[in-house]
Amino acid sequence: MKVQLVSNILDANTVIAKEMKRRYQERGILVLNLMSAPGAGKTTILENTIECLKEKVSIAVIEGDICTTLDADRIASHGVPVVQINTEGACHLDANMIARALDNLPLEGVDLLIIENVGNLVCPAEFDLGEDLKVMVISVTEGNDKPNKYPLMFHESRAILVNKQDLLPYTNFDMGALMQDLADLNPHCQVFPLSARTGEGVSAWVEWLEKQVRDKKGQGQ
Ligand SMILES: Nc1nc2c(ncn2[C@@H]2O[C@H](COP(=O)(O)OP(=O)(O)O)[C@@H](O)[C@H]2O)c(=O)[nH]1
Ligand SMILES: [Mg+2]
Ligand SMILES: [Zn+2]
């Protein structure tokens, strides 16, 4: 028997991620890996997104946090299936954690699986979860220099949500400079300025996401 050498932790992750991808593909499920710094607004955006889409799209959620089930409780209150992963110190999710979470989250009939990653701008982007899309949230209270300081995550994301627009007047966040930096770093990404607090800009993001779900379903037929 040929012994396969898995040379490092990222290789091992890639093997499992490939298997996850096959499982998603088989069912035509769009899988989204949602990443940001802690507190940028991932869970709040997810709550808005679920409310806008849940009548049209069957959604399931995996929540990643170092500890607590606070985010999963918030998501569960919107009536969608959710599983919480507690990484117990680890600062990102990996494919093996997702595989275990899916033991408790039936995917039958699901159109869209959203994985909220651990709040961190660095390593979550390095671990493939078999997802179709990486999506990032940056909030205007974080400073517009973050794409240049943490380029990998901004480079890998298909969509970037610029949250907390309601707070823009109280900050020195420069939207023009951000748009320029994103155009240089990742010219094909979709940028959605929005406020999960007021709802401004949320519908453009939700429409784009719904189209991605439909396109993925279409591929499987
Ligand atoms: N003002 C304002 N606050 C927001 C907005 N979105 C989220 N928040 C607040 O930011 C904090 C962190 O949000 P949360 O969704 O838990 O962020 P996560 O850690 O990225 O999941 C909470 O107090 C939210 O109420 C927004 O658009 N505007
Ligand atoms: Mg959260
Ligand atoms: Zn990490």
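Above this text you will find the structure in question.
Everything numeric in this text was worked out from a predicted model, so none of it was measured.

A. Looking closely at the pattern of salt bridges. Tallied over the full model, the rule gives 15 salt bridges. Note that Arg-74 and Glu-47 form a salt bridge whose closest N and O atoms lie 3.0 Å from each other. One end of the pair, Arg-74, is in helix α3 (residues 70-76); the other, Glu-47, is in helix α2 (residues 42-53), and 27 residues separate them in sequence. With relative accessibility at 31%, the residue Arg-74 sits in the partly exposed group. Looking at Glu-47, the relative accessible area reads 15%, which means it is buried. The shortest N-O distance in the salt bridge between Lys-217 and Asp-111 comes to 3.2 Å. On the criterion of sequence distance, the pair formed by Lys-217 in helix α8 (residues 202-219) and Asp-111 in the loop between α4 (95-102) and β4 (112-116) is long-range, its members being 106 residues apart.

B. Spotlight on the environment of Leu-10. For Leu-10, the position within the fold is in helix α1 (residues 9-27). Setting aside anything within four residues of it in sequence, one finds Leu-10 in contact with Glu-126 and Phe-127.

C. Highlighting the coordination of the magnesium ion (ligand 2). Distances from the magnesium ion (ligand 2) to its protein donors, Thr-43 (OG1), Asp-71 (OD) and Glu-116 (OE), fall at 2.1 Å. One chain supplies every donor for the magnesium ion (ligand 2), spaced along it as T-x27-D-x44-E. With a gap of 73 residues between them, Thr-43 in helix α2 and Glu-116 in strand β4 connect regions that are remote in the sequence. Overall, Glu-116 belongs to the buried group, its relative accessible area being 3%.

D. Focus on the sheet that holds strand β3 (residues 82-86). Here we have seven strands laid out as an open sheet, ordered β3-β2-β4-β1-β5-β6-β7, and parallel in their pairing. Looking at the sheet topology across the chains shown, the edges are occupied by β3 and β7 (190-193). The average angle at which neighbouring strand axes cross in this sheet is 20°, direction not considered.

Reading the values: the criteria
Along every chain, residues carry numbers that run from 1 in the direction the sequence is written. Here chains are named by letter from A upward and ligands by number from 1 upward, in the order in which they appear as written. With pLDDT at 70 or above as the cut-off, local features in this predicted model cover only qualifying residues; side-chain atom pairs require 80 or more to be listed or tallied, and sums for whole chains, interfaces and linings still use all residues. The basis for every side-chain value is the complete set of heavy atoms in the structure, and neither hydrogens nor water enter the calculation. Just to be clear on terms, a salt bridge is a Lys or Arg side-chain nitrogen sitting within 4 Å of an Asp or Glu carboxyl oxygen. Segments assigned H or I by DSSP are reported as helices when at least four residues long, segments assigned E as strands when at least two residues long, and all are numbered from the N terminus. Relative accessibility thresholds used throughout: buried, under 20% of the residue-type maximum; exposed, over 50%; partly exposed, between the two (1.4 Å probe, protein chains only). Throughout, a contact is declared for two residues whenever any of their heavy atoms are within 4.5 Å. Metal donors: N, O and S atoms at distances within 2.8 Å, or within 3.2 Å for Na, K and Ca, with water omitted from the atom set so that some sites may seem incomplete. Following DSSP output, two strands are said to pair if at least two bridges run between them. The convention used is that axes are lines fitted to C-alpha atoms, helices contributing only their stretch in contact, and that angles between N-to-C directions extend from 0 to 180 degrees.

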